[in-house]
Amino acid sequence: MSRMLLKQYAALAVMVCCTAPALSVEQVLIESEKIRITSLDFEADLMRIPPEHRAEVLASKARIAKLLENLLINKTLAAQARSAGIDREPVMGKQIEMAADKLLAQEQINRIAKEVKIPNFDARAREMYQVDIEKYTVPTKVRVSHILVDTKNRTPEEALQRIKQVREQAVGGKKFEELALEYSDDPSAKGNKGDLGFFEEGKMVKPFSDAAFAISAPGDISEPVKTIFGYHIIQLHEKKPKLVRSFEEVKERIVQGEREKYLNEYRKTLVGGILTDPSLKLNEEAVNRFWTNPDAKSSDVKPSEKNKPEAAKH
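Residue numbers run consecutively from 1 along every chain, following the written order of its sequence. Local features in a predicted model are, by the rule used here, given only for residues with pLDDT of at least 70; side-chain atom pairs are given and counted only at 80 or more, and totals for whole chains, interfaces and linings are based on all residues. Side-chain figures throughout are based on the complete set of non-hydrogen atoms in the structure, without hydrogens or water.

Draft legend 1. Spatial organisation of the pattern of salt bridges. Salt bridges, as used here, are contacts in which a Lys or Arg side-chain nitrogen is within 4 Å of a carboxyl oxygen on Asp or Glu. Under the criterion given, the structure shown has 20 salt bridges. For the salt bridge of D122 with K251, the shortest nitrogen-to-oxygen distance reads 3.4 Å. Taken together, the residues span a long stretch of sequence, with D122 in helix α6 (residues 122-131) and K251 in helix α11 (residues 247-275) at a distance of 129 residues. Burial status follows relative accessibility: with a 1.4 Å probe on protein chains alone, a residue under 20% of its type maximum counts as buried, one over 50% as exposed, and anything between as partly exposed. Given the relative accessible area of 32%, D122 is considered partly exposed. One connected set of salt bridges, linked through shared partners, spans R124, E127, E258 and K261. The secondary structure listing takes helices from DSSP runs of H or I that are at least 4 residues long and strands from runs of E that are at least 2 residues long, numbered from the N terminus.

Draft legend 2. Quick peek at unusual backbone geometry. At K193, a residue that is not glycine, the phi angle is positive and equals roughly 55°. With respect to the element layout, K193 can be found in the loop between α9 (189-192) and β5 (195-200). Judged by relative accessible area, K193 falls into the partly exposed class, the value being 42%.

Draft legend 3. Summary view of helix α2 (residues 39-46). Those residues of α2 that sit buried are S39, F42, D45 and L46. With its buried residues spanning 125° around the axis, α2 presents them on a single face. Arc, as used here, means the arc of the directions from the helix axis to the C-beta atoms.

Draft legend 4. Structural view of the packing of helix α5 (residues 90-115) against α11. Here α5 crosses α11 at 125°, and the two axes come no closer than 11 Å. With respect to α11, the element α5 is oriented oblique. Once α5 is placed against α11, the crossing between them reads as right-handed. Between α5 and α11, the contacting residues are I109, I112 and A113 on the first element and L263, Y266, R267 and L270 on the second. Partitioning the contact of α5 with α11 into residue classes produces six nonpolar, no polar and one charged. In this description, a line fitted to the C-alpha atoms serves as the axis of each element, helices being fitted only across the stretch in contact, and the angle between N-to-C directions of two axes falls anywhere from 0 to 180 degrees. Roughly parallel refers to an angle under 35 degrees, roughly antiparallel to one over 145, roughly perpendicular to one between 65 and 115, and oblique to any angle outside these ranges. Two helices that cross are described as forming a left-handed crossing if the nearer one is turned anticlockwise from the farther one by less than a right angle, and a right-handed crossing if clockwise. The criterion used for residue contact is that any of the two residues' heavy atoms lie within 4.5 Å. Put simply, Ala, Val, Leu, Ile, Met, Phe, Trp, Tyr, Cys and Pro go in the nonpolar bin, Asp, Glu, Lys and Arg in the charged bin, and everything else, Gly too, in the polar bin.

Draft legend 5. Spotlight on the side chain of H146. Relative to the helices and strands, H146 resides in strand β4 (residues 141-150). H146 gets classed as buried once you look at its relative accessible area, which sits at 5%. N or O atoms within 3.5 Å of each other form a polar contact, as long as, within protein, one can give a hydrogen and the other can take it, and as long as residues adjacent in sequence are counted only when both atoms are side-chain atoms. One polar contact links H146 to D186, side chain to side chain, over a distance of 2.9 Å. Among the polar contacts made by the side chain of H146, one reaches the side chain of H232 at a distance of 3.1 Å. If we skip the residues at most four places from it in the chain, H146 touches F176, A180, S184, D186, G194, L196, F208, H232, I233 and I234.

Draft legend 6. Geometry of the layout of surface pockets. Using protein atoms alone on a 1 Å grid, points that fit a 1.4 Å probe yet trap it form a cavity, whereas open point sets bounded by protein on both sides within 12 Å along at least five of seven lines form a pocket; residues with an atom within 4 Å of a point count as lining. Grid points are joined across faces, edges and corners, and a volume is the space filled by probe spheres set on the points. As a volume, the largest pocket reaches approximately 570 Å³. Forming the walls of the largest pocket are 16 residues, and the residues nearest its centre are M47, R48, L103, E107 and N110. Among the elements of the structure, α3 (51-58) and α5 are those that each provide at least two residues to the lining of the largest pocket. At nine residues, the largest contribution of residues to the lining of the largest pocket is made by α5.

Draft legend 7. Structural context of the pairing of β4. Burial runs high along β4: eight of the 10 residues are buried. Two strands qualify as a pair provided that DSSP identifies no fewer than 2 bridges between them. When β4 meets strand β7 (residues 230-240), the two strands line up antiparallel, connected through 10 bridges. The residue of β7 that forms the bridge with L148 is H232.

Structure, rendered in structure tokens:
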């Protein structure tokens with residue numbers, strides 16, 4: 001498809017999809033001797049994209065053009081397949097039917113879910129907040145820089161002596177990031193100059209974490225700290241105290257979670273009703289013709305499973 005045509009198709013799609021929520025009259029966007037693509041085709045294809053991303057797609061002529069290009073290719077190839085009678089082949093015909101069934105089944109689930117009267121979960125949300133308030137607590141965090149002198153090519157005594165000398169320079173006023181670039185054996189120091197960013201207590205090896213959280217004032221530098229990696233000195237930049245989020249801050253998230261759980265249970269009940277339909281019959285003999293492991297014990301199939309088909313997955 002030429003760039004000029006793509007620009008024309010993109011412009012058409014913008015006119016169709018962005019000037020109004022939906023067209024009252026179906027318009028032709030692209031046509032050839034074999035196929036025709038309409039505004040309804042485009043809108044139907046757009047529905048495959050999650051709702052939260054559709055506006056982003058419609059804001060880009062390039063992405064609109066790509067959708068139209070894919071529609072053109074698929075429709076043309078499908079028309080060729082129909083001309084060859086592929087859609088009339090028994091197995092292919094069933095596959096087409098099953099694809100339609102799957103789409104309709106999902107839409108039925110969606111529409112039923114929209115009609116469900118969901119209880120008010122405000123009181124439940126407050127109860128959950130009060131019972132598990134730690135879940136909504138942001139722990140204390142510190143941001144530090146460090147310099148590491150490892151013991152890979154040094155004795156512990158040599159490493160300790162070296163880190164003490166580096167600390168003397170830091171305490172004496174030399175910039176910590178310059179010392180990290182010059183002396184640190186941490187490979188990441190070349191990029192971050194020793195700055196490890198914010199982390200919670202316990203996220204680093206214990207001696208390092210304990211020492212970092214023990215520093216009281218920003219700018220202070222720890223005594224040498226020994227870990228499995230060698231010897232460190234640590235400089236504190238900032239400490240964020242523990243913060244308990246208010247109920248109003250987290251209420252909507254809790255309520256949304258409870259709504260989703262309620263709807264999931266409703267869907268399970270709905271599907272369960274289908275699977276326990278007393279009129280269901282299973283032709284086990286016919287099903288067993290597809291079985292590729294006839295040597296397995298018949299007890300492998302539970303009695304309850306002999307009288308009903310496999311659960312449909314939604």
